[in-house]
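Residues per chain are reported as follows:
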Amino acid sequence: MGKHEVRCVGCGSAQQPYALSCNKGDGSLLRAYYAQKKLCLQDLPGIWKFLDWLPVQGTIPGTGDGSITYRSSALARELGLKNLFISFSGYWPERGARMSTCSFKDLEAPPTVQRSLERHDGRTLVIASAGNTARAFAQVASIAGLPVVLVVPEVALHRLWITSRIGKIRLIGVRGDYTDAIQIADKISALDGFVGEGGARNIARRDGMGTVMLEAALTIGHLPDHYFQAVGSGTGGIAAWEAAMRLIVDGRFGSKLPVLHLAQNLPNAPIYAAWSGCDPGKSCKSQEMFDDVLFNRRPPYAVKGGVCDALLDCGGEVYGVTNEEAASAKALFESAEEIDIFNAAAVAVAALIRACDSGKISLDHILLNITGGGLSRLREDLAPTSLKCDILVSSPDEATKFLEG
Ligand SMILES: *Cc1c(COP(=O)(O)O)cnc(C)c1O
Ligand SMILES: [Zn+2]
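Residues numbered from 1 in each chain as written. Chains lettered and ligands numbered in written order. Predicted model: local features only at pLDDT ≥ 70, side-chain atom pairs only at ≥ 80, totals over all residues. Heavy atoms only, no water.

**Some details on the sheet that holds strand 1 (residues 4–8)**
The strands making up a sheet associate through backbone hydrogen bonding, with each pair oriented either parallel or antiparallel. Let me state the cut-off plainly: A strand pair is defined by DSSP finding two or more bridges across the two strands. Starting at the N terminus, helices and strands are each numbered in turn, a helix being any DSSP run of H or I of at least four residues and a strand any DSSP run of E of at least two.
As summarised here, the arrangement of the 3 strands in space is 2-1-3, forming an open sheet in which the pairing is antiparallel. In the strand order of this sheet, the two ends are held by strand 2 (14–15) and strand 3 (30–34), each with one partner. Where strand 1 lies against strand 2, 2 bridges are found, and the strand directions are antiparallel. In the sheet register, R7 faces strand 2, and the bridge partner there is A14.

**Some words on the nonpolar core**
The condition that has to hold: Remark: nonpolar core denotes a set of buried residues (Ala, Val, Leu, Ile, Met, Phe, Trp, Tyr, Cys) joined through side-chain atoms within 4.5 Å. Buried, partly exposed and exposed residues are distinguished by accessible area as a fraction of the type maximum, computed with a 1.4 Å probe on protein chains only: under 20%, between the cut-offs, and over 50%, respectively. Contact between two residues is taken to exist if any of their heavy atoms lie within 4.5 Å; hydrogens are not considered.
Grouped together as the largest cluster of nonpolar side chains are 75 residues, with contacts concentrated most on V148, L150, V152, M213, L247 and L260. Per-element tally for this core: the top contributor is helix 7 (residues 235–250), with 7 residues. Every residue in contact with L150, bar those within four places of it in the chain, is listed here: I127, A134, F137, A138, L160, I169, R170, L171, I172 and L387. Core analysis: the second largest hydrophobic core is formed by 39 residues, A263, A326, A336 and A345 among them.

**Digging into the site of ligand 1**
In plain terms, the rule: Throughout, the term near means that a residue has one or more heavy atoms lying within 4 Å of the molecule or strand in question. Polar contact criterion, stated in full: a pair of N or O atoms within 3.5 Å, where within protein one must be able to donate a hydrogen and the other to accept it, and residues adjacent in sequence count only if both atoms are side-chain atoms. Each accessible area is a Shrake-Rupley result for a 1.4 Å probe, and residues are judged covered by the shown protein chains and nothing else. Buried and open spaces are told apart on a 1 Å grid over the protein atoms alone, a cavity being a set of points where a 1.4 Å probe fits but cannot get out and a pocket being an open set with protein on both sides within 12 Å along at least five of seven lines. Residues with an atom within 4 Å of a point are the lining residues. Assignment to a cavity or pocket requires that more than half of a molecule's atoms be within 2 Å of the site's grid points. All amino acids are sorted into three groups, where Ala, Val, Leu, Ile, Met, Phe, Trp, Tyr, Cys and Pro are nonpolar, Asp, Glu, Lys and Arg are charged, and the leftover types, Gly among them, are polar.
In the region of ligand 1, 18 residues are neighbours, and K105, G232, G234, G236 and T371 sit closest. In this structure, an oxygen atom belonging to ligand 1 sits 2.9 Å away from a side-chain N or O atom of Q229. In the environment of ligand 1, an oxygen atom lies 2.9 Å from a nitrogen or oxygen atom belonging to the backbone of S233. Calculation on ligand 1 without its partners gives an accessible area of 390 Å², and the protein chains cover 96% of this total. More than half of the atoms belonging to ligand 1 lie within 2 Å of the grid points that define the largest pocket. Listing elements by their share of the shell around ligand 1, those giving two or more residues are strand 13 (226–230) and helix 7. In terms of residue class, the shell around ligand 1 is made up of 8 nonpolar, 9 polar and 1 charged.

**Some details on the packing of aromatic side chains**
Put simply, the test is: Only centres within 6.5 Å qualify two rings of Phe, Tyr or Trp (six-membered ring in Trp) as a pair; their planes then separate them into stacked at under 30 degrees, edge-to-face at over 60, and tilted for everything else.
Applying the stated criterion across every chain, the model contains 3 aromatic pairs. With a centroid separation of 5.7 Å and 85° between ring planes, the pair formed by Y70 and W92 is classed as edge-to-face. Of this pair, Y70 sits in strand 4 (residues 68–71) while W92 is found in strand 6 (residues 91–92), placing the two residues 22 residues apart along the sequence. In this pair, the class of Y70 matches that of W92, namely buried. A centroid spacing of 6.3 Å and a plane angle of 40° characterise the contact between F228 and Y319, whose relative ring orientation is tilted.

**Quick word on the packing of helix 7 against helix 9 (residues 307–314)**
To be explicit about the condition: Note on geometry: axes are lines fitted to C-alpha atoms, helical ones only across the stretch in contact, with angles between N-to-C directions running from 0 to 180 degrees. What sets the label is the angle itself: under 35 degrees gives roughly parallel, over 145 gives roughly antiparallel, 65 to 115 gives roughly perpendicular, and the rest give oblique. Crossings are classed by handedness, with left-handed meaning an anticlockwise turn of the near helix from the far one by less than a right angle and right-handed meaning a clockwise turn.
Look at helix 7 against helix 9: their axes get within 9 Å of each other, and the N-to-C directions meet at 50°. By the angle class used here, helix 7 and helix 9 are oblique. Crossing of helix 7 against helix 9: the hand is left-handed. Of the residues in helix 9, those touching helix 7 at I238, W241 and M245 are V307, D309, A310 and D313.

**A word on the environment of L247**
As for its placement among the helices and strands, L247 is situated in helix 7. Put simply, L247 and M213 are 34 residues apart on the chain and 9.0 Å apart in space, counted from C-alpha to C-alpha. Other than its neighbours up to four places away in sequence, L247 contacts L39, W53, M213, L214, A217, L223, R252 and F253.

**A short note on the layout of surface pockets**
Put simply, the test is: Grid points are joined across faces, edges and corners, and a volume is the space filled by probe spheres set on the points.
The volume enclosed by the largest pocket comes to roughly 970 Å³. Residue lining of the largest pocket: 46 residues in total, with Y178, G199, A200, S233 and N296 positioned closest to the centre. Elements supplying a minimum of two residues to the lining of the largest pocket: helix 2 (105–118), strand 8 (124–128), helix 3 (132–144), helix 4 (178–189), helix 5 (203–209), strand 13 and helix 7. It is helix 4 that provides the largest number of residues to the lining of the largest pocket, a total of 5 residues. Split by residue class, the lining of the largest pocket holds 21 nonpolar, 18 polar and 7 charged.

**Overview of helix 6 (residues 211–220)**
The element helix 6 is largely enclosed, with a buried count of 8 among its 10 residues. When helix 6 is considered as a whole, its buried residues turn out to be T211, V212, M213, L214, E215, A216, A217 and I220. Downstream of helix 6 by one or two residues, G221 has phi in the positive range, about 100°.

**Describing the sheet that holds strand 15 (residues 317–321)**
Spatially, 4-5-16-13-14-15 is the arrangement adopted by the 6 strands of the open sheet, whose pairing is mixed. The open sheet is flanked by strand 4 and strand 15, the only strands paired with a single partner. Each adjacent strand pair in this sheet contributes to an overall mean axis angle of 20°, direction not counted. Taken together, the 6 bridges between strand 5 (residues 83–88) and strand 16 (residues 365–370) define a ladder with parallel strand orientation. Of the residues in strand 16, the one forming a bridge with N83 is H365.

**Quick notes on the coordination of the zinc ion (ligand 2)**
Using the following cut-off: Coordinating donors are taken to be N, O and S atoms lying within 2.8 Å of the metal, or within 3.2 Å when the metal is Na, K or Ca; because water is excluded from the atom set, some sites may appear incomplete.
Taken together, C8 (SG), C11 (SG), C22 (SG) and D26 (OD) make up the protein donors of the zinc ion (ligand 2), found 1.9 to 2.3 Å from the metal. On the primary sequence, the residues serving as donors to the zinc ion (ligand 2) are separated as C-x2-C-x10-C-x3-D. Since its relative accessible area comes to 6%, C22 is described here as buried. By relative accessible area, which is 37% here, D26 ends up partly exposed.

**A closer look at the pairing of strand 3**
Of all 5 residues in strand 3, 4 are buried; the element is thus mostly enclosed. Two elements, strand 1 and strand 3, share 5 bridges in a ladder whose sense is antiparallel. Following the sheet pairing, C8 is matched in strand 3 by L30.

The following block contains the structure:
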C-alpha cells in the first residue's frame, strides 16, 4: 500500500483511489486507511501539517489555514464549565485564525481541490452549495487554477465572495433551494468534462474537516469527552468520529470516543427527526430558519459509515434547536468571547447550553466547534470581492445548455 488505501466501510473491499461509492453497489461510504498510524506532523503550514492523514500527495501553497483551539474562560464561566475548549474556524488573527472565507468549509476545499488536481483528468469540478462551501472552493480553486462550476440557490448568492484574485469560476444561480441546486449539479456532473465532488462521499472533504479534531487533541493533550457541532449534512460529525478513531489507534490521545452532540435548527431538521424517531413529515420551506446553511434534505444518515453509525458508536445525541435558543446563544457567545460568529455556529452553542442544564458535563473536557465566524473581523482587514452570477436558471436544462453553449 502507498500512503493510504481506500476501502468500503460496509464490506471492507478495496476501492479505486478516487471512487465515491462502493463498486459492489452496497451504497456505503468509503474511508481512507492511512499507512501511518501515529499522528506525525509535517513541517508545513496550516492543515497541510496533517498531510500524512489527508488523501493527497502534495499541497496548494497559499491555502489551508487551519482551525485553532483555545481554552475558553468567559463562556466557560457563564456555563459553569471547567474544561471548555473552543475550536474556531474563521478569521480571528488575534488568536491566530486566518481562514480565508470564514467557515470550516475552508478545511474541506484545499484537500479536495488538490485531490482533483492530482487526478490529472482535466475535468471541471462541480459543486452544489448553500453558500459557504462554494465560497471556500471558489477561493482555493482560484489560487490553484482549477476550473470550477458552482451551483448555488439564488437567495444564497450574497454569500459568494473571495479574498483572492478570481480564477476560472462559473457561478450558476438557481431559482430554488439547496436540493434544487444539488439536482442541477448532478446533471452537470454527468456531462463530458465535468465531475461532481461528491460531498460527504468525498474522503478528502471529510479528512479535511477531521483536522478540527486533530488540532484540538494536540491542544488539549488528549481527545475531548464531548464534541458539539451544528450539522446540516452531518459530514463534520462523521469526520470528527473518523479522526477520533485514528487518534485512538495512535494510542497517545486516550481510548474513548468523544460523544458527538450534533445540533440542527428546527423546523427543517431531518437528522434530528431521524434520530429521535419522529416522522419528519413535510418539511416546511416557508418557515424561516435562523440558519439556512444547515438545511440538507438528504443527509448521509442511514448509510453505512454515516451519521447514524457515528452516533451509535459513541453514544451520541442530536438536538433540535429553536430560532429563539440560537439567537440568545449567539448573543451570549459573542459578548463572552468577543468575536462574531455565523448563525449556524450559534446552533451548536445552543445545544451546549442545553446539555449544561443537566449539570452532568461540568467537569468534562468539551470541544465546541464554532464552524464559522469572524466575518466582521475579516471585513476590517481585507476587502472581499463579490462573485458575479453568470446565469440564473430554473431547470437543469438551462444550466447544461449554458455550459455546453
Ligand atoms: C456546512 C456548515 C455546517 C454544517 O456542516 P456539516 O457538513 O453538516 O457537518 C455548520 N456550520 C457552518 C458554518 C457550515 O458552513
Ligand atoms: Zn462495499
